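# Report on the structure
For reference, the chains in residue letters:
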Amino acid sequence: MVISPLTRSLLGRLAVRRVDPITDPLERDLVEVLGRGRVEAGIGAQSLYSHDGSVTRGGRAGIVCFPESTAEVAACVSVSVSHGRPFVPRGAGTGLSGGAVPCDEPVMVVTTRMDVIHEVDVERRLAWVGPGVVNLDLSRHLEGTGLHFAPDPSSQQACTIGGNVATNSGGPHCLLYGVTSAHVLAVEVVLPDGEVVILGAEEGRAAGYDLRGAFVGGEGTLGIATRICVRLTEDPPEVATLLLDFDRVAGAADTVSAVIAAGIVPAALEIMDQRVIEAVEPFAHAGYPLDAAAVLIVELDGLPAGVATAIDRIEVIGTAHGARTVRVAADEDERTRIWKGRKSAFGAIAVIKPDYYLNDTVIPRTRLTEVLSRVYEVIEERDLIVMNVFHAGDGNLHPLIVFDAREPGVMERVLEAGEEIVRISVEAGGVLSGEHGIGLEKKRFMSMQFSPADLEAQDRLRRAFDVEGLANPAKVLPSGASCGHVTSLGRAPDGTWV
Amino acid sequence: MAAFRDEVGDAGTVCVRGGGTRWLVGAVPSHAGDVRQISAPLGIESIEPAEMTVVVGSGTTVADLASALSEHGQEVALDGPVGATVGGALMVGRNPLRRGRLGEIADVLLQADCVGADGQAFTAGGPTVKNVTGFDLCRLLVGSLGTLALVGRVILRTRPLPEAGAWMVGEAPTGIVMEALYRPATVLWDGVRSTVRIEGSCADVADEIRCLEALGFTAADEPVLPAGWDRWSGTLPEGGVRALGSGVVHKPGPVGAPEVSVGVRALADRLRDAFDPLRRLNPGRDPYRMTA
């Protein structure tokens, strides 16, 4: 076939149009590493990756990358750093404190495609997984082995294990089994200078400093986890789920302290107050009494005799503190429904108000009653509505303020109440966060809990990992560049869990 | 803490001596310097069974703490030779023998009141059993041999004492033993015999004893590490004893320094530089010369 010069010229122009030249040198270098298909620089991606599960707003995402291997993550980090551009690691984006919210158009390193379960060693009770493996998918994968992955944040059907490592996630069953850090044996990390190291060891403590322990909960500021060796926990031979209901919230809270003081450590101890019960019962059909001021869910596990004894003792303790009824789930179905109500509590609140602001603080469990009544006062004083559903056994409060953002002036009252709740918690001998982390949302409160010398020591840890200060900057510590605000509380994205 | 801070001061090399029971762990043989020795504060400030926490001066002995806690039906995941102190056990950072039930030493330290190399007091962590506020300095301190900061006062996580417990010894393969038991506190394997610790409610322990007896196990005393033995993490050496699931091996004779990658070593050096650039604190110690 003969091609005329005109056709040739047209075809040439088309070819150029088909593959637009990349003008941004940073983008060009990232594309060289990952290929065009896994680098997104368009407005759509930038907007999508500018938010996480929190109501915190920051800046805008820069180029969004989807690496699939350790080498690709290391290359993304090296490219970002060589251009002097910060990078922000991101999993499923279910975080609740703005840890993955970008400032200053950073390179977003999204690890969701690294979702391979590399190895399961049943005999040694460990597994190596990619950071993009969804928490619940690992436990599903383990069905039939008699083992499971213990950390169970309420977002477990969506959140990734890489994200769990970054935030040191908790969940209801962390009362007995401990938070994520207790279940991470080792982690392969791309450090902020692009170096790849393995922190921790498959068995026992690794020699020297516990760098694994320091890394877990680093909120993406210490590097990016690319392979994680998790501890697998034996399924308990016996599980019992109890539901106690009270006509005073204080009765439920005092029962929690008394159970722990009696030397019983249940697998989970969760409280839900009346507003939560009213919202979830219509669809969970868990049998939560609608006239109760609070219900307490207690889960016991272990060998049968120990579980049976603990059930009897909890019945006595609960009754002594005003429990109206103590119900033991008769079968798996009843157990599932009791937990369904708890785990989907936050999906149900939309029936009350369209917007919510969720807090996460920890207080000494013996002060639960007193602090809860202060929380209710703070809310009442500001004419707001609060719903409490929380990990009572750990003293981990989750007051959830529900509101309609269209109401003039409501935002100021919500923020004021949130800050007051943090203050009350710290004054009661508590801490800013039990499982959601600090991110952008709470860094302005860090000096409530820590002195300048305390914060300086934390900054030393951070600087040793991130010499250039380019790994998820402006997060956690109040020093440094400011970015992000919670004054523009927006509607929480669909599918936010607590 | 103020007196401890003044003793540490802001100049000259200084180390904290506990019971001296593992004084040579992580010692740098070539180090010959005149290091000022001080002691950490003593005494138990408060025991809160309903919080499962204890506030204690790190110079207190592990044995004194255990005895005070036992009066409240509690215990803590620290052990060590007779005379070992709380601070010493934390700084050496070895997991307790009954790790399977007590948990790991890394999870014990909730808050540490420290003095840094610049002589400033600071607090790491927080007082509650659950806490993700800021960077986790407590993890870094456990097993640091006092090279990052000197720890004067700590808040530790406690656990309820088990209602019952038993040591048993037998020759069944460890796979069968692990299959038969739910969360044993300890399984030691010397290549022939398993020495097992089971804990729980009286009835459950009685059931597990019957189950082990059916496998040919008999009652045993708590095993004691023979004099001159050390422990490490790794594979079972000739004549050694392996603690299943913990990665710990007990073996006769001293243990060599573990292998560490260049990247990890560089990160560790940056940490030490960040916390103690002049190497004032415990200068004769290197956590990378120690096995866990």
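Residues numbered from 1 in each chain as written. Chains lettered and ligands numbered in written order. Predicted model: local features only at pLDDT ≥ 70, side-chain atom pairs only at ≥ 80, totals over all residues. Heavy atoms only, no water.

### Digging into the interface of chain A and chain B
Each side of the interface is counted separately: chain A has 81 residues, and chain B has 66 residues. With both chains or domains summed, chain A and chain B bury close to 5800 Å², and 60% of this area falls on carbon and sulfur atoms. The three residues of chain A that bury the most area against chain B are R205(A), Y209(A) and R460(A), which together make up 16% of that side's buried surface. E435(A) is the salt-bridge partner of K130(B), the closest N and O atoms lying 2.8 Å from each other. Per-element tally for the side of chain A that touches chain B: the top contributor is helix 17 (residues 452–465) of chain A, with nine residues. (Contact = heavy atoms within 4.5 Å. Buried area = accessible area lost by both parts, 1.4 Å probe. Salt bridge = Lys/Arg side-chain N within 4 Å of Asp/Glu carboxyl O. Helix = DSSP H or I, 4+ residues; strand = E, 2+ residues; numbered from the N terminus.)

### Brief notes about the nonpolar core
In this structure, L199(A), L211(A), F465(A), L78(B), L90(B), L141(B) and L156(B) are the most contacted members of the largest nonpolar core, which totals 81 residues. Among all residues touching L141(B), those that are not within four sequence positions of it are L90(B), M91(B), L109(B), A112(B), C114(B), A124(B), L148(B), A149(B) and V151(B). (Core = buried A, V, L, I, M, F, W, Y, C linked by side-chain atoms within 4.5 Å. Buried < 20%, exposed > 50% of the residue type's maximum accessible area, 1.4 Å probe, protein only.)

### Things to note about the domain arrangement of chain B
Residue and element names in this part refer to chain B. Here chain B is described as being made up of domain 1 (2–160) and domain 2 (164–252). Between domain 1 and domain 2 lies a buried interface of about 1100 Å² when both sides are counted; carbon and sulfur atoms form 42% of it. The interface formed by domain 1 and domain 2 contains one salt bridge. The partner of R98 in a salt bridge is E199, with the nearest N and O atoms 2.5 Å apart. Put simply, domain 1 and domain 2 have five residue pairs in polar contact (both at pLDDT 80 or more) between them. (Domains from an automatic or database assignment. Polar contact = N/O pair within 3.5 Å; in protein donor to acceptor, adjacent residues only side chain to side chain.)

### Things to note about the state of the cysteines
On inspection of all chains with the given rule, the structure shows zero disulfides over all chains. With no disulfide partner, C229(A) has as its closest neighbouring cysteine sulfur the one in C174(A), 18 Å distant. Cysteine C202(B) is unpaired, with the sulfur of C211(B) as its nearest cysteine sulfur at 18 Å. For C202(B), a relative accessible area of 45% puts it in the partly exposed group. (Disulfide = S-S within 2.5 Å.)

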